[in-house]
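Below, each chain spelled out in residue letters.
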Amino acid sequence: MRIVETISELRVSTIAQARASGKVVGLVPTLGALHAGHLSLIEAASRRDDFVVVSIFVNPTQFGPEEDYQRYPRQLIRDAELAEQVGGDLIFAPSRAEMYPDDHSTWVEVEDITEGLCGRFRPGHFRGVTTVVTKLLNIVQPDRAYFGKKDYQQLVVIKRLVRDLNIPVEIVGLPTVREADGLAVSSRNQYLDTQQRAAAPQLYQALQHGAEAARHGARGTEVEQVVRESLASEPVFTVQYVQAVDPETLQPLGEAGAPMVVAAAAYLGDTRLIDNIKIEEDAINAENDG
Ligand code: PAF
């Protein structure tokens, strides 16, 4: 698997050739430490696109000062092998200096929908994400770019960014990949000790309890309460937020019902886990009709 580290090499010798031969280009942006979630995105891209670029860049601008930028797992060679096995064609692994020259001074900011949920607790995070994603889209100029729904807010923010800036790319959101016990697959799961790992699936279980209540007609705040109560039964969690939001606008639902996305973030020790569940409007009707 070819690993390219510079923008000029990527553009001139690979993307340009792929385009010249009429290939449809897919991009899977990642921070590396590839897991089953990333691999499902690469696999999906390789089914639809002719040339799949996987970017691996631990983007410093999306990590807060107290966050895990330094300890974020870095395993480029292993990542390249994994990506190749599922149909990736090229790894783009730029250095920090390649992406952010010393006098880098331009930022891309999406307003409003970045303010709630994770944005409330991670100031500057989405500015870092939208800036690096814009740069990657400009560098690779893919026809499609793939993101997981585990980072639901990120997906909505990137769709908005692409629409607002008229970037000619299709954003594809794909379902969260889960371990057998329901825990959403994440690079950060490897930080969990045995006891924390055993408790971790309860985050998704709590969201499922909330979804069940929503299907029986519970409104946003009631659903949040159900999830919080469910999480409270596992004292090892420190809950950061539980919020039921409109799936498009990400505004809190309050007394409104589905469609909704219930999103949560909770700490297990120092490790922050996020997850979400979507409840469609027709799920409620189906339950109530039955
Ligand atoms: O979801 C991620 O892994 C990152 O936020 C992304 C989209 C690769 C930007 O650095």
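Before reading further, recall that the structure is shown in the block above.
Overview of the site of the ligand
Inference 1: The full set of residues close to the ligand is P29, T30, L31, N59, Q62, V129, V132, F147 and Q154.
Inference 2: Side-chain polar atom of Q62 to an oxygen atom of the ligand: 2.6 Å apart, as the coordinates give it.
Inference 3: Between Q154 and the ligand, the recorded distance is 2.7 Å, taken from a side-chain N or O atom to an oxygen atom.
Inference 4: Summarising the interface, the protein chains cover 89% of the accessible area of the ligand, which totals 290 Å² for the free molecule.
Inference 5: Looking at the shell around the ligand, the elements that each hand over two or more residues are β2 (25–30) and α6 (125–140).
Inference 6: Here the shell around the ligand is composed, by residue class, of 5 nonpolar, 4 polar and no charged.

Re the sheet that holds strand β7 (residues 237–245)
Inference 1: Pairing is antiparallel across the open sheet formed by 3 strands, whose spatial order is β7-β8-β9. Two strands bound the open sheet, and with one partner strand each, they are β7 and β9 (271–279). Looking at each pair of strands side by side, their axes are set apart by 15° on average, direction ignored.
Inference 2: The pairing of β7 with strand β8 (residues 260–268) spans 8 bridges and is antiparallel. Bridging from a neighbouring strand, V245 pairs with V261 of β8.

Structural notes on the sheet that holds strand β5 (residues 144–148)
Inference 1: In space, the 6 strands of this open sheet follow the order β1-β4-β3-β2-β5-β6, with parallel pairing throughout. At either end of the open sheet lies a strand with only one pairing partner, and these are β1 (2–4) and β6 (170–174). Averaged over neighbouring strand pairs, the angle between their axes works out to 25° when direction is ignored.
Inference 2: Where helix α2 (residues 36–48) meets the sheet, its contacts fall on β2, β3 (51–56), β5 and β6, and the angle it forms with β5 comes to roughly 155°.
Inference 3: Across the sheet, helix α7 (residues 152–164) touches β5 and β6, and the angle it forms with β6 is around 170°.

Describing the packing of aromatic side chains
Inference 1: Applying the stated criterion to the full structure yields 5 aromatic pairs.
Inference 2: Taking 6.4 Å as the distance between ring centres and 25° as the angle between the ring planes, the aromatic pair formed by Y100 and W107 counts as stacked.
Inference 3: Of the residues examined, W107 reaches a relative accessible area of 32% and is grouped as partly exposed.
Inference 4: Grouping aromatic residues by their ring pairs yields a cluster made of F57, Y100 and W107.
Inference 5: Directly above the ring of Y191 sits R71, whose terminal nitrogen or CZ lies 3.8 Å from the centroid.
Inference 6: Here the basic side chain of K135 rests over the ring of Y100, its NZ or CZ set 5.5 Å away from the ring centre.

Focus on a negative patch on the surface
Inference 1: A cluster of acidic residues, D50, E81, E84 and D89, forms a negative patch on the protein surface.
Inference 2: Along the chain, the position of E84 falls in helix α3 (residues 76–85).
Inference 3: A residue is classified by how much of its surface remains accessible, and E84, at 44% relative accessible area, is partly exposed.

So, the pairing of β8
Inference 1: Within β8, 8 of the 9 residues are buried, which leaves the element mostly enclosed by the surrounding structure.
Inference 2: Direction of pairing for β8 relative to β9: antiparallel, over a ladder of 9 bridges. Across the sheet, A266 pairs through a bridge with L273, a residue of β9.

Remarks on helix α1 (residues 7–20)
Inference 1: Its axis deflected by about 30° at T14, α1 carries its strongest bend there.
Inference 2: Restricting attention to buried positions, one finds in α1 the residues I7, L10, T14, I15 and A18.
Inference 3: Tucked inside the fold, the buried residues of α1 contact β1, β2, β3, β4 (90–92), α4 (96–99) and α6.
Inference 4: Looking at the residues trailing α1, positive phi occurs at G22, about 75°.

As for the packing of α6 against α7
Inference 1: Two numbers describe how α6 lies on α7: the axes approach to 11 Å, and their chain directions differ by 55°. It follows that α6 is oblique to α7 by the angle criterion. For the pair α6 and α7, the crossing hand works out as right-handed. Touching F126, V129, T130, V133, T134 and L137 of α6 are Q153, Q154, V157, I158, L161 and V162, all from α7.

Brief notes about the environment of R48
Inference 1: Following the sequence through the fold, R48 ends up in helix α2.
Inference 2: The exposure class assigned to R48 is partly exposed, which follows from its relative accessible area of 42%.
Inference 3: As for R48 and S230, which are separated by 182 residues in sequence, their C-alpha atoms are 40 Å apart.
Inference 4: Those residues within four positions of R48 in sequence are excluded, and the remaining contacts are R144, Y146, E170 and V172.

Brief notes about the side chain of E224
Inference 1: Turning to its location among the elements, E224 is positioned in helix α10 (residues 220–232).
Inference 2: One buried charged residue, E224, forms no salt bridge at all, with the nearest opposite charge on R228 at 4.1 Å.
Inference 3: Contacts of E224, omitting those with residues within four sequence positions, involve V242, Q243 and A244.

Parameters and conventions
Residues numbered from 1 in each chain as written. Predicted model: local features only at pLDDT ≥ 70, side-chain atom pairs only at ≥ 80, totals over all residues. Heavy atoms only, no water. Near = heavy atom within 4 Å. Polar contact = N/O pair within 3.5 Å; in protein donor to acceptor, adjacent residues only side chain to side chain. Areas by Shrake-Rupley, 256 points an atom, 1.4 Å probe, with all protein chains shown as cover. Helix = DSSP H or I, 4+ residues; strand = E, 2+ residues; numbered from the N terminus. Nonpolar A, V, L, I, M, F, W, Y, C, P; charged D, E, K, R; others polar. Pairing = 2+ DSSP bridges. Axes fitted to C-alpha atoms, helices over the stretch in contact; angles between N-to-C directions. Contact = heavy atoms within 4.5 Å. Phe/Tyr/Trp six-rings, centres within 6.5 Å; stacked < 30°, edge-to-face > 60°. Buried < 20%, exposed > 50% of the residue type's maximum accessible area, 1.4 Å probe, protein only. Lys NZ or Arg CZ within 6 Å of the ring centre and 35° of its normal. Patch = residues over 30% accessible without salt bridge, like charges linked within 9 Å, V, L, I, M, F, W, Y side chains within 5 Å. Salt bridge = Lys/Arg side-chain N within 4 Å of Asp/Glu carboxyl O. Lys, Arg positive; Asp, Glu negative; His and termini not counted. Charge placed at Lys NZ, Arg CZ, Asp CG, Glu CD. Bend = angle between axes of the 7 residues up to and from the residue. Parallel < 35°, antiparallel > 145°, perpendicular 65-115°, else oblique. Left-handed = near helix turned anticlockwise from the far one by under 90°.

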